[in-house]
Every structure is written in C-alpha cells, then in structure tokens.
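Chain by chain, the residues:
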Amino acid sequence: MTDTPRAVLVDDIATLVTNDPGLGRGSVGEIADAALVIEDGRVAWAGPRAQAPDADVRVDAAGRCVLPGFVDSHSHIVFAGDRSREFAARMSGRPYSAGGIRTTVAATRDASDAELLAGARRLVREARAQGTTTLEVKSGYGLTVADEERSLAVAGRVTDEVTFLGAHVVAPEYADDPQGYVDLVTGPMLEACAPHARWVDVFCERGAFDEEASRRVLAAGVARGLLPRVHGNQLGEGPGVRLAVETRAASVDHCTHLTAEDVDALAQAAGRPDPTVATLLPGVDFSTRQPYPDARALIDAGALVALASDCNPGSCFTSSLAFCVAVAVRDMGMTPDEAVWAATAGGARALRRTDVGHLAPGARADLTLLEAPNHLYLAYRPGVPLVAAVWKDGELVSGRP
C-alpha cells in the first residue's frame, strides 16, 4: 500500500513552463494562470487553471512559477579529494590544463566504495535541492579496470544515466605508452565496464586523446552496445565536433572553440532523427577563465543547444544549473527562454530522453516550484536560492510547496 494520492492538482501557478509550444506561448510553451495534474508519477493534464479537472489533493503554488526539473546531461560526481588550492592557483594566473585530473585520480583510487557513494549522494542531494531531477554521471577518475568498474557501480546507485569515461586522460602508469592505455580502455576495461553503463565518452582534446584514439574508443563502446558522446573543443579548435557528428554521438560537450564548419556541422546534425546536441558548460568557462561558447551563433545557425553543469572537483565544482542559466544569459548571448529550454528540454535531447525535460501530458512528473512568479528570475536574480520545492516522478523530494 502507498500513502501517495492518486491525483494531485498543482494549482494557482502564475507561470507554467511546459516546453511544449502546443500547450502555451513560445518555445517554452508558457501558460499563465495555470494548473497541472499529476497521476501515478506522470503529468496527466496541464493548462489554464480555470479548466483544471478535479483531483484528490490540491497543492497551492501560490502564484509562483513551475518548470520542468533541470536535466543535467554532464557531470563527474564520483570522485574523492579536493582541488580548491588548484582553483586558487588558477585564479592567480596559472592556466587550466587537462592534466589536473590526475590529482583526483590518485585520491579516488585511495577512497573506499562507501566514501565514493557518500560523496556522490551528497552531490545528488545538492543538485536536487537546486531543481535538478535527472543527472548524468561519468566515471573517469579511476583509470584502472577495477577502479573504473567500481566508479560506474557507484554511479549506477545514484542515477540511470551512467557513462563510461575510461578515456578521460591517459592513466599515469601509461604516461610513456598512451597506445597501450587505449588498448586497455577498448579491451579489458570496456569489457568490465560496459554492463554498468549506458554511454561511452572520450575526451578528444590536446593533453588527452587525439582523433584516432578517440575514434577507437567510441567504436569499441558502440560495438559493446553503448551510445556515444564526446568531450570536444574545450581548450582549442580540434576534431571533437566533427568526430561527434560523424559517429552520430548524442552530444558533444564544451564547444568553447568552434570553427564556422563546426557550427554548420552541428546545425546540419540538428535535423537528423538522432541529432548531435551541442552541450555547453558555462560553469567550466567561468571557473577556468576560458572564453565562453558562442551560444548565439549555434542557435541562430539552427543547432540544438543544451546546458549542463559539468560538476567536478577540478574545472567546475558547481551543481547549480540555475547558475549556468544565469551565466548563459549574461555572457553567452542566450535569452532566458533559450537558456531555460537548454537546461531542461535541451538536456533531455542530449540524453535522448523523451520522458523528461517537459511537462506535457505523459511526461514524468519531474517539476520545480520557484519562489518567483516566472522563470526569468533564474537569470534576473542570480545566486539567490529560488527553488522552493522539487518533485521527481510525482514525489516531493526536496523543499516544501
């Protein structure tokens, strides 16, 4: 037996963001003076509150905004250790490079499974309290067969969106034999890790893996039934975007340094049944003082854009997609509607999910109640804790209405 009521009416919503233009105004499907009905963990109805059907229980939104839970399609939250001093040094002028990952690798290898799980659960709770209801989690801080496998097992205890990232950087013991490490990743490591993951990822970047090695990693993962995604074009122009589009990866993440050809390729890929999404990670560029991606150019060209946190201990230790929305609006040329869509529906597209990122009937009842009359406040009031309550699968999981 369950005490959960069968039908819940969320009423007196000042602004309901559905991300369904068929239900409301604009690309975010905005409905004013709205209501929403939850039944059995799904959205059963959404529309003007004057037309709302009866329900067993009423939740009063009290003239506040409801939007889909954030869909964070890029995070690295299974780790141990601390890199705050590295951050301080970077703020003092030391440039960011991919090599700092090895510091976390050493700490993660030394940590117990219980310590890794406790840290991941803490960050999931933190993200959930800020409105994130779907979270992708990568491995990549173990870099041995055993440590990558246990990292993925931990990730699988906090999310269904698990990514094998053995190809994060070359493991330190293979520093003089990078080809040997690729052999390990595409052989015994993949064999052990594939059963725990949905996705395969590779850091196609200088200081990490070149195009040939990246192609090998993706091909091996796909052959084992994993879906591809790519880290690309973070530190400079390179083959990452082209490789992602060619391999029909679900997303290419970072996209800080793009050529006109890269933008065109992503725009062309947006029209495919299996598009490659440009996932932008503004928290990284904020934390590393890198240039911000040109979201405006991507959107105007017709590319699909997502926003994600890239929560990790080195280059971006934030789990707040609300912060990412604010930065994207302030520094990347996105409108508030575009940024909110990218952090919800865009993230869902980057994970090839149709059940989250929107609040049309049939979607999972993953929703966030803001202490604000509309979603514009996410950029209008940056840094302010605006999330009043969060529901996942129709269950209240954080805050209170």
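For the structure itself, consult the block above.
Report on the accompanying structure. Keep in mind the model is a prediction, meaning the values are calculated, not measured.

As for a positive patch on the surface
Side chains of Arg121, Arg122, Arg125 and Arg157 sit close together on the surface and give a patch of like positive charge. Its location among the elements puts Arg121 in helix α3 (residues 113–129). For Arg121, a relative accessible area of 37% gives the class partly exposed.

Concerning the environment of Ser139
Mapped onto the elements of the fold, Ser139 is located in the loop between β6 (132–138) and α4 (145–155). A relative accessible area of 1% places Ser139 in the buried class. The sequence separation of Ser139 and Val200 amounts to 61 residues, and the corresponding C-alpha distance is 9.9 Å. Apart from residues lying up to four places away in sequence, Ser139 is in contact with His76, Glu148, Ser151, Leu152, Thr163, Phe164, Leu165 and Gly166. One polar contact links the side chain of Ser139 to the main-chain amide nitrogen of Leu165, over a distance of 2.9 Å.

Some details on the side chain of Asp253
Structurally, Asp253 is set in strand β11 (residues 251–254). Of the side chains with opposite charge, Lys138 lies nearest to the buried Asp253, which makes no salt bridge, at 4.6 Å. For Asp253, the side chain forms a polar contact with the side chain of His74, separated by 2.7 Å. Every residue in contact with Asp253, bar those within four places of it in the chain, is listed here: Ser73, His74, Val230, His231, Gly232, Thr279 and Leu281.

Digging into the sheet that holds strand β2 (residues 30–39)
If you walk across this open sheet you meet the seven strands as β3-β2-β1-β4-β14-β15-β16, and the pairing is mixed. Unpaired on one side and paired on the other, β3 (42–48) and β16 (395–399) mark the two borders of the sheet. Neighbour to neighbour, the strand axes of the sheet diverge by 35 degrees on average, direction disregarded. When strand β1 (residues 7–17) meets β2, the two strands line up antiparallel, connected through eight bridges. Residue pairing in the sheet places Thr15 in a bridge with Ala32 of β2.

Let's talk about helix α5 (residues 178–193)
Relative to the 22 Å expected for 16 residues at 1.5 Å per residue, α5 spans just 20 Å between its end C-alpha atoms, considerably shorter than the ideal helical length. Within the span of α5, buried status applies to Gly180, Tyr181, Val182, Leu184, Val185, Thr186, Met189, Leu190, Ala192 and Cys193. Buried residues along α5 sit against α4, β7 (161–167) and α6 (211–223).

Things to note about the packing of helix α11 (residues 321–331) against helix α12 (residues 336–350)
Packing of α11 against α12 leaves a shortest axis separation of 9 Å and a crossing angle of 145 degrees. In this structure, α11 meets α12 at a crossing whose hand is right-handed. Of α12, the residues touching α11 (which contributes Leu321, Val325, Ala328 and Val329) are Pro336, Ala339, Val340 and Ala343. Looking at side-chain class alone, the contact of α11 with α12 contains eight nonpolar, no polar and no charged residues.

Points about the state of the cysteines
Scanning the entire structure with this criterion turns up zero disulfides. A disulfide-free cysteine, Cys204 has its sulfur positioned 12 Å from the sulfur of Cys255, the nearest such atom. When its relative accessible area of 3% is taken as the criterion, Cys204 is described as buried. The structure places no disulfide on Cys311, whose sulfur is separated from the nearest cysteine sulfur, that of Cys316, by 6.9 Å.

Comments concerning the packing of aromatic side chains
Scanning the model with the defined rule gives six aromatic pairs in all. Ring geometry for Phe79 against Phe317: centres 5.8 Å apart, planes inclined by 75 degrees, an arrangement best described as edge-to-face. Within this pair, whereas Phe79 is found in the loop between β5 (70–72) and α1 (84–91), its partner Phe317 is found in the loop between β13 (305–307) and α11, the two being separated by 238 residues in sequence. Judged by relative accessible area, Phe79 falls into the buried class, the value being 9%. Look at Phe286 and Phe323: their rings are 5.1 Å apart centre to centre, the planes differ by 85 degrees, and that puts the pair in the edge-to-face class. Of this pair, Phe286 sits in helix α9 (residues 282–288) while Phe323 sits in helix α11; the two residues are 37 residues apart in sequence, bridging distant segments of the chain. The class of Phe323 is partly exposed, set by a relative accessible area of 27%.

Remarks on the nonpolar core
Of all hydrophobic cores here, the largest spans 85 residues; its most connected members are Phe164, Tyr181, Phe209, Leu266, Leu307, Met334 and Leu378. A total of seven residues in this core trace back to one element, the largest contributor, which is α5. If we skip the residues at most four places from it in the chain, Tyr181 touches Leu143, Gly166, Val169, Val170, Ala171, Tyr174, Met189 and Phe209. Among the nonpolar cores identified, the runner-up in size contains 20 residues, and Leu16, Ala61, Leu359 and Leu369 belong to it.

Regarding the packing of α4 against α5
Running from N to C, α4 and α5 point in directions that differ by 40 degrees, and their axes come no closer than 9 Å. One element, α4, and the other, α5, form an angle in the oblique class. Relative to α5, α4 is oriented so that their crossing is right-handed. Seen from α4, the contacting residues are Val145, Glu148, Glu149 and Leu152; seen from α5, they are Leu184, Pro188, Met189, Ala192 and Cys193. Across the contact of α4 with α5, the residue classes break down as seven nonpolar, no polar and two charged.

What counts and what doesn't
- Residues numbered from 1 in each chain as written.
- Predicted model: local features only at pLDDT ≥ 70, side-chain atom pairs only at ≥ 80, totals over all residues.
- Heavy atoms only, no water.
- Patch = residues over 30% accessible without salt bridge, like charges linked within 9 Å, V, L, I, M, F, W, Y side chains within 5 Å.
- Areas by Shrake-Rupley, 256 points an atom, 1.4 Å probe, with all protein chains shown as cover.
- Salt bridge = Lys/Arg side-chain N within 4 Å of Asp/Glu carboxyl O.
- Lys, Arg positive; Asp, Glu negative; His and termini not counted.
- Charge placed at Lys NZ, Arg CZ, Asp CG, Glu CD.
- Helix = DSSP H or I, 4+ residues; strand = E, 2+ residues; numbered from the N terminus.
- Buried < 20%, exposed > 50% of the residue type's maximum accessible area, 1.4 Å probe, protein only.
- Contact = heavy atoms within 4.5 Å.
- Polar contact = N/O pair within 3.5 Å; in protein donor to acceptor, adjacent residues only side chain to side chain.
- Pairing = 2+ DSSP bridges.
- Axes fitted to C-alpha atoms, helices over the stretch in contact; angles between N-to-C directions.
- Expected span 1.5 Å × (residues − 1).
- Left-handed = near helix turned anticlockwise from the far one by under 90°.
- Nonpolar A, V, L, I, M, F, W, Y, C, P; charged D, E, K, R; others polar.
- Disulfide = S-S within 2.5 Å.
- Phe/Tyr/Trp six-rings, centres within 6.5 Å; stacked < 30°, edge-to-face > 60°.
- Core = buried A, V, L, I, M, F, W, Y, C linked by side-chain atoms within 4.5 Å.
- Parallel < 35°, antiparallel > 145°, perpendicular 65-115°, else oblique.

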